[in-house]
Amino acid sequence: QVQLVESGGGLVQPGGSLTLSCTASGSIFSIYTMGWYRQAPGKQRELVARILTGLTGGRTNYADSVKGRFTISRDNTKNMVYLQMNSLKPEDTAVYYCNAYNPLRSYEYWGQGTQVTVSS
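Procedures and definitions
All residue numbers here refer to positions counted from 1 along the written sequence of the relevant chain. Per-residue local features are limited, in this predicted model, to residues with pLDDT of at least 70; the limit for side-chain atom pairs, both in listing and counting, is 80 or more; totals at the level of whole chains, interfaces and linings are taken over all residues. Values shown for side chains rest on all heavy atoms present in the structure; no hydrogens or waters enter the calculation. Secondary structure elements are defined from DSSP: runs of H or I of at least 4 residues count as helices, runs of E of at least 2 residues count as strands, and each element is numbered from the N terminus. Here's how the labels work: a residue is buried when its accessible area is under 20% of the maximum for its type, exposed when over 50%, partly exposed in between, all with a 1.4 Å probe on protein chains only. Contacts are residue-level and defined by heavy atoms, with any inter-residue pair within 4.5 Å sufficient. Pairing of aromatic rings covers Phe, Tyr and Trp, the last through its six-membered ring, and needs centres within 6.5 Å; plane angles under 30 degrees mean stacked, over 60 mean edge-to-face, and all others mean tilted. In these notes, a set of buried Ala, Val, Leu, Ile, Met, Phe, Trp, Tyr and Cys residues joined through side-chain atoms within 4.5 Å is what counts as a nonpolar core. Salt-bridge detection follows one rule: a side-chain nitrogen of Lys or Arg within 4 Å of a carboxyl oxygen of Asp or Glu. What makes two strands pair is DSSP finding at least two bridges between them. To obtain each axis, a line is fitted to C-alpha atoms, and for helices this fit is confined to the stretch in contact; angles are then taken between N-to-C directions over 0 to 180 degrees. In the cavity and pocket records, a cavity denotes points on a 1 Å grid over the protein atoms alone where a 1.4 Å probe fits but cannot get out, a pocket denotes an open set with protein on both sides within 12 Å along at least 5 of 7 lines, and lining residues are residues with an atom within 4 Å of a point. Grid points are joined across faces, edges and corners, and a volume is the space filled by probe spheres set on the points.

A. Quick look at the side chain of R69. By secondary structure assignment, the location of R69 is in the loop between strand 6 (60-62) and strand 7 (70-75). By relative accessible area, which is 10% here, R69 ends up buried. Excluding residues within four positions of it along the chain, R69 makes contact with Q84, M85, N86, S87, L88, K89 and D92.

Here's what the structure looks like:
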């Protein structure tokens, strides 16, 4: 079983920046698609960003709401994925979850979540 652990959440002022990290263990990391989701109070969990496997060139996808502000990246040598968040807005406030799935998406894993709060 793949274990995912997020870190880096916290309180930041509007316009500020924050970087989240996710460490994966328990399986071969390089062939897993990795992503970040978030769930704000009273809302459904939504995809924030996704980065495909190195086998596919590491192509990325972003929610329209974060394009140009967030950047997802991965380091396969460290079994880690990152989410750099810039120009943060109050509406970015949510619990952010690390996600992983294997090539056929027959297995999917989630981290425990890390709170990001954007407020003055």
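So that's the structure; there's more coming.
B. How the structure looks around the packing of aromatic side chains. All told, the structure shown has two aromatic pairs when counted by the stated rule. Ring geometry for Y32 versus Y109: centroids 6.3 Å apart, planes at 45°, classification tilted. Of this pair, Y32 sits in the loop between strand 3 (18-25) and strand 4 (33-39) while Y109 sits in strand 10 (residues 108-110), and the two are 77 residues apart along the sequence. In this structure Y109 comes out as buried when scored by relative accessible area, which is 12%.

C. Main features of the nonpolar core. Formed by 30 residues in total, the largest nonpolar core has its most connected members in L4, M34, W36, L83, M85 and Y96. Mapped onto this core, the elements with two or more residues apiece are strand 3, strand 4, strand 5 (46-51), strand 7, strand 8 (80-85), strand 9 (94-101) and strand 11 (114-118).

D. Up close: unusual backbone geometry. The phi angle at N79 is positive, at roughly 55°, despite the residue not being glycine. Here N79 shows up in the loop between strand 7 and strand 8. Classification of N79 by relative accessible area gives partly exposed; the value is 25%.

E. Inspection of the pattern of salt bridges at higher detail. In the structure shown here, the tally under the stated rule is five salt bridges. Two residues, E46 and R38, come together in a salt bridge whose shortest N-O distance is 2.8 Å. For E46, a relative accessible area of 34% corresponds to the partly exposed category. Here R69 ties to D92 by a salt bridge, and the two come within 2.8 Å at their closest N and O atoms. Remark: D92 occurs in the loop between strand 8 and strand 9 and R69 occurs in the loop between strand 6 and strand 7; sequence separation between them is 23 residues. The same class applies to R69 and to D92, which are both buried.

F. Expanded view of the sheet that holds strand 8. Across the sheet, four strands lie side by side as 1-3-8-7; this open sheet has antiparallel pairing. Because the sheet does not close on itself, it has two edges, and the strands there are strand 1 (3-7) and strand 7. Within the sheet, the average angular offset between the axes of one strand and its neighbour, ignoring direction, is 15°. The sheet contact formed by strand 3 and strand 8 spans six bridges and is antiparallel.

G. Summary view of empty space enclosed by the protein. Applying the stated criterion to the full structure yields one cavity of 30 Å³ or more. Considering only enclosed or pocket space, the largest cavity measures out at about 40 Å³ in volume. As for the largest cavity, its lining consists of V2, A24, S25, G26, S27, I28, F29, Y32, M34 and A100.

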